[in-house]
Structures are given as structure tokens and as C-alpha cells.
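Secondary and tertiary structure notes
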Amino acid sequence: MARSALLNVMVQAALKAGKSLSRDFGEVQNLQVSVKGPGDFVSQADIKAQKIIRDELMKARPTYGFLGEEGEEIKGTDGAHRWIVDPLDGTTNFLHGIPLFAVSIALERNGEIVAGVTFNPATDELYTAERGGGAFLNDRRLRVASRRVLSDSVIGCGVPNLGRGNHGKFLVELRHVMGEVAGVRRLGSASLDLAYVAAGRFDGFWETGLSAWDIAAGILLIREAGGFASDVDGGTDMLDTGSIICGNEHIQKALAEVVKRPIPTK
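Described below are features of the structure shown in this document. (Residues numbered from 1 in each chain as written. Predicted model: local features only at pLDDT ≥ 70, side-chain atom pairs only at ≥ 80, totals over all residues. Heavy atoms only, no water.)

1. Describing helix α6 (residues 212-224)
Taking 1.5 Å per residue as the helical rise, α6 with its 13 residues ought to reach 18 Å, and the 18 Å between its terminal C-alpha atoms agrees with that figure. Of all 13 residues in α6, twelve are buried, a share of seventy percent or more. Within the sequence span of α6, burial applies to Ala212, Trp213, Asp214, Ile215, Ala216, Ala217, Gly218, Ile219, Leu220, Leu221, Ile222 and Glu224. In the stretch just after α6, Gly226 is the one whose phi turns positive, near 90°. (Helix = DSSP H or I, 4+ residues; strand = E, 2+ residues; numbered from the N terminus. Expected span 1.5 Å × (residues − 1). Buried < 20%, exposed > 50% of the residue type's maximum accessible area, 1.4 Å probe, protein only.)

This is the structure we're talking about:
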């Protein structure tokens, strides 16, 4: 597959950060048994990975803006371009030694995502996409799954945890969805969930309460793999609303209808 110069910059930044995370991931289980615990260590791994990515991207394009999960935003003098970065999506998995986490980098141009990279260093799976150029897993072209009905489908989701999200609303959505589908899965990393939809591993996915860096790269992966994505109200402003429903044309539409079913009243 041919990559543009910009996508190559993004890939190299993701691989370099992934190498750092892989080293730190190897230390996590030792830290699990320490008195202090792994929390401080993981937060430092996160910050270190973001610095690696920022330095690589800004060296290549110093005028671009930068938005990172670790509380970092650079406006940039370019005005048209912005990097959107999650250096470690799936921190809780990382913390517990579960190899489902990712580096996620997207490039936004005039409000549109034009390139995206999601990299899981634990499995060495590199997902890439450029607008109009298709989506790839390593060097293999991706297409979303072709199933047309929910009853045949495996659907991914995010589950709100302690102190976050509307638990009651989610439980109603889950009750509706699980009664219609072949299975429901939760990876604990939204960027990987979206990559799995692009790869046809999941037929669809929905979640609310997300941030731009969780989903920016994944939205492009899905669209370039032939899929559809919207927010829960059917809009396209997912980076601002923080919600997403996606899949192929048939599953995305059917899943949206199920998720939006009204809460039953007595």
C-alpha cells in the first residue's frame, strides 16, 4: 500500500510511542504486586507516549495544531490542520496487564478527518486510513462486515464505569440491544472497537460520553472500509457530541433504531 508523507509521519510516531508503551507494559505485572501500585507508573507511561508523539508530529509539521488526551492543546499557526491524539486508549486494560490498548492519531483538516492511525503494540496490529485511499490493517485492505440483520451480528459497546456516564440509560440500551443480536462485546478501548468494526470483526458499535481523541481516527477507518458512522441522534458532529453508532449501512441504521427505543414505562 502507498502512504502519503503525512501518513508516514503519523505511522512512525505511533510506532515509536508503541515501542515505549510495550516496554512499560512489560513492567505492569511487577507493579501490580507493589505497595504503591501501578497507577502513577501508568500515568507516566501515558504522558511519555504523548510527548513522543507530539515531538514527532510537530517536528514534521510545526505549524499544525495539536489536541492530546493528556491535557495538552496547541492552537498552531496553520489554522487549517490539527492533530488529535490519544497516546494510550485503554488505560485500565494496560493497568491490569490486558493486551487491548492502542495509540490513536488523527489528522483534521478544516474540520474533516483526513488521515488516521490506530496501533496496538501488544498485538502489532497497525490500522491506517486516508480519505479516499481506503483503510488497512498492516498491509491488508479492510472492509466492514456484510451481515444485514442484527440477529446475525456481534456488536461492540462501551460500558460506563464508576463515576462516569448514565448507568441507568445504558442498561436500558443494553437490554434492547442484547435482545436483538448474536452477541455483545466490550473491549475497553473505543479506538480498537472502531478498528474492529472497520476490520469486520464487530458488525457494529455504539457508545456515548467519548472524547474526540477516542474516535477521530476510528471514524475515518470505518468510512474508508465502506461503513457508516453517526452520533446517536443521526448527526455527523461526533467529535463534539461524543457519541457514535457505526456499522455497515444496514447494521448502523438498525442498531440506531434499537439504541434509541424509548425507555418503557409501567
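Now that the structure has been shown, we can carry on.
2. What about the sheet that holds strand β12 (residues 228-230)?
Pairing in this open sheet of five strands is mixed, and the strands run β10-β9-β11-β13-β12 from one edge to the other. One side of each edge strand has no neighbouring strand; the edge strands of this open sheet are β10 (183-185) and β12. Neighbour-to-neighbour, the strand axes of this sheet turn through a mean angle of 15°, independent of strand direction. Where strand β11 (residues 204-207) lies against strand β13 (residues 244-247), four bridges are found, and the strand directions are antiparallel. By the bridge assignment, Glu207 is partnered in β13 with Ile244. On the sheet, helix α8 (residues 249-259) packs against β9 (154-157), β11, β12 and β13 and is oriented at approximately 145° with respect to β13. (Pairing = 2+ DSSP bridges. Axes fitted to C-alpha atoms, helices over the stretch in contact; angles between N-to-C directions. Contact = heavy atoms within 4.5 Å.)

3. Describing the side chain of Asp214
Mapped onto the fold, Asp214 is located in helix α6. Within the buried core, Asp214 has no salt-bridge partner, and the shortest N-O distance to an opposite charge, that of Arg164, equals 5.9 Å. Of the polar contacts made by the side chain of Asp214, one reaches the backbone nitrogen of Ser211; its length is 2.8 Å. (Lys, Arg positive; Asp, Glu negative; His and termini not counted. Salt bridge = Lys/Arg side-chain N within 4 Å of Asp/Glu carboxyl O. Polar contact = N/O pair within 3.5 Å; in protein donor to acceptor, adjacent residues only side chain to side chain.)

All quantities given are derived from atomic positions and should not be read as evidence of function.
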